[in-house]
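Each chain, letter by letter, is given below.
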Amino acid sequence: MWTASRILVTTIALVSQWAATGSLLGGRPFAELLARWDAGHFADIAARGYPLGSTDVAFFPGYPILGRGVAAVIRPVTSDAVPVAMMLVAGLGGLVAAVLLWRLTESTAGPRAAFLATLLFVVGPYAVFLHASYSESCFAAAAIGAWYCAVRERWWWAGIVTAVAGTFRANGLFLLAAIAVLYVTRRRAAGKPVVAWPALGVLIGVLGFAGYMLALWVQTGRLDAWSEAQQHGWGRVTSTPWTALADTVQAVLHHPLASARPQFLLDIVFAVLLLVAVGYFVARRRWAEAVLLGLTLVSLTTSSTYVSLARNTLTLFPIWIALAAGAQRHAVGRWIVTGVLVVGVVLLTANTHQFTLGAWAD
């Protein structure tokens, strides 16, 4: 399924370039076919590190470090070592994420649900970012891997893999909170003490995020270096929910980039859907999933605008698992999954087209 997704996304990208430029690659190397927007920052970090005072510190180091390592290995055989390495690492991350999602869903809901959950994941609305030179695929692989370890109650491994996730994206902190809730609820359900050695394993999960914050503090002398970079580089500041919503609506109506306006509208739509998903998990007393989705929702709806909110749903794997499991239980669930699949492929096509041509794709 991952291979089919890769072929689909690549085909859409090639056709988009050909229609726009008359060339399948648009004069770009193949490794940069899906390297737009933030991909350039990741590649620069992989090649040169973080220059002192650069706002590139807004990007976590896990993905560029992996890209730098792979580039060092393949440099003797290619002159485009960094772009090729970033493409390979992102692609491998997406593959690992898909395999782990299958295994996780299969262990909790059976093989048919595993098929559906993985299909929803690899052809979802923003699945282009499983293949683009972005950090989403690597974060998804680590997040799903950590959850898989947690549901098997291998808490030390869950903490270690959560720490790895924290080197890819700030969302690793939300993952840690959810894994901690999963630990508490499972220990209590089993009649085991919560304060025990496995809890220390879970707490290891903070090391990825905290380690990067500490490194920035040492380098810059500022505890808020990351948030400062977010503000100065991308205008992200904490806002009240109503201010963030109002500013997002303004972006829908008046953003200077016409291609950005429908994306901001999608961000609002996905915020509503994410709120519904949080309510679903709360109603079913699935507290860990509710925490993961809820913290993500709160974070993204109290930023300057909802920008990238829709894209962030790609890595919220409990949604795909819940949809797939629901399709096994009743006909309404099957109709919902069918609708999600159709809409997902349509949006995946549109977002891949936009992203390939350098237009706004969230």
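In what follows, the structure referred to is the one given above.
### Some thoughts on the overall build of the protein
When helices and strands are tallied, the protein shows 17 helices and 0 strands. Counting only residues that meet the buried cut, the protein has 53% of its 362 residues in that class. Pairs at least 24 residues apart make up 69% of the contacts formed inside the protein by residues separated by at least 6 positions. By element, 69% of the accessible surface of the protein is carried by carbon and sulfur atoms, the whole surface being about 16,100 Å². When the 24 basic and 14 acidic side-chain charges of the protein are each reduced to a single mean position, those positions are 12 Å apart.

### Brief notes about the packing of helix α13 (residues 260–283) against helix α14 (residues 287–301)
Their axes nearest at 8 Å, the elements α13 and α14 cross at an angle of 155°. Classified by the angle their axes make, α13 and α14 are roughly antiparallel. In this structure, α13 crosses over α14, and the sense of that crossing is left-handed. Where α13 approaches α14, its residues Ala271, Leu274, Leu275, Ala277, Val278, Phe281 and Val282 are matched on the opposing element by Trp287, Glu289, Ala290, Leu293, Gly294, Leu297 and Thr301. Within the contact of α13 with α14, the residues separate by chemical class into 11 nonpolar, 2 polar and 1 charged.

### Some remarks on the packing of aromatic side chains
This model, assessed by the stated rule, comprises 18 aromatic pairs. Aromatic ring contacts, followed pair by pair, group Phe42, Phe59, Tyr63, Phe129, Tyr134, Trp234 and Phe355 into a single cluster.

### A closer look at the pattern of salt bridges
One pass over the full model with this rule turns up 8 salt bridges. Measuring nitrogen to oxygen at the nearest pair gives 3.2 Å for the salt bridge that ties Glu136 to Arg169. On the criterion of sequence distance, the pair formed by Glu136 in helix α6 (residues 136–151) and Arg169 in the loop between α7 (155–165) and α8 (172–189) is long-range, its members being 33 residues apart. The exposure classification of Glu136 matches that of Arg169, with both residues buried. With a closest N to O distance of 3.8 Å, Glu153 and Arg186 form a salt bridge. Of this pair, Glu153 sits in the loop between α6 and α7 while Arg186 sits in helix α8; the two residues are 33 residues apart in sequence, bridging distant segments of the chain. Connected through shared salt-bridge partners, Glu136, Arg169 and Arg311 make up one network.

### Details of a nonpolar patch on the surface
Taken together, the side chains of Leu92, Leu95, Val96 and Val99 define a hydrophobic patch exposed on the protein surface, amounting to about 300 Å² of accessible area. As for its position among the elements, Val99 is in helix α4 (residues 81–109).

### Re unusual backbone geometry
Even without being a glycine, Glu153 presents a positive backbone phi close to 60°. On the basis of relative accessible area, Glu153 is assigned to the partly exposed category, the value being 34%.

### Examining the state of the cysteines
Two cysteines, two sulfur atoms, one covalent bond between them: this is a disulfide. Counted under the stated rule, the structure contains 0 disulfides. Not part of a disulfide, Cys138 finds its nearest cysteine sulfur in Cys149, a span of 17 Å. Here Cys138 falls in the buried class, since its relative accessible area comes to 6%. Exposure remark for Cys149: the relative accessible area of 15% places this residue in the buried category.

### Some words on α7
Three or more residues of α7 are buried, namely Trp155, Ala158, Gly159, Val161, Thr162, Ala163 and Ala165. Elements in contact with the buried residues of α7: α6, α8, α9 (197–203) and α10 (207–220).

### So, the environment of Pro64
Mapping Pro64 onto the fold places it in helix α3 (residues 62–74). Classification of Pro64 by relative accessible area gives buried; the value is 2%. C-alpha of Pro64 to C-alpha of Val307: the two residues are 243 residues apart in sequence and 23 Å apart in space.

### Quick look at α3
Taking 1.5 Å of rise per residue, 13 residues should cover 18 Å, and α3 covers 19 Å from first to last C-alpha, within 8% of that figure. Those residues of α3 not exposed but buried are Gly62, Tyr63, Pro64, Gly67, Ala71 and Ile74. On its buried face, α3 is in contact with α2 (38–48), α4 and α6.

### Considering the side chain of Thr248
Within the secondary structure, Thr248 sits in helix α12 (residues 241–254). We classify Thr248 as buried; its relative accessible area is 0%. With residues up to four places along the chain from it excluded, the contact list for Thr248 reads Phe264, Ile268, Thr305 and Tyr306.

Parameters and conventions
Residues numbered from 1 in each chain as written. Predicted model: local features only at pLDDT ≥ 70, side-chain atom pairs only at ≥ 80, totals over all residues. Heavy atoms only, no water. Helix = DSSP H or I, 4+ residues; strand = E, 2+ residues; numbered from the N terminus. Buried < 20%, exposed > 50% of the residue type's maximum accessible area, 1.4 Å probe, protein only. Contact = heavy atoms within 4.5 Å. Areas by Shrake-Rupley, 256 points an atom, 1.4 Å probe, with all protein chains shown as cover. Lys, Arg positive; Asp, Glu negative; His and termini not counted. Charge placed at Lys NZ, Arg CZ, Asp CG, Glu CD. Axes fitted to C-alpha atoms, helices over the stretch in contact; angles between N-to-C directions. Parallel < 35°, antiparallel > 145°, perpendicular 65-115°, else oblique. Left-handed = near helix turned anticlockwise from the far one by under 90°. Nonpolar A, V, L, I, M, F, W, Y, C, P; charged D, E, K, R; others polar. Phe/Tyr/Trp six-rings, centres within 6.5 Å; stacked < 30°, edge-to-face > 60°. Salt bridge = Lys/Arg side-chain N within 4 Å of Asp/Glu carboxyl O. Patch = residues over 30% accessible without salt bridge, like charges linked within 9 Å, V, L, I, M, F, W, Y side chains within 5 Å. Disulfide = S-S within 2.5 Å. Expected span 1.5 Å × (residues − 1).

Structural measurements only, silent on function.
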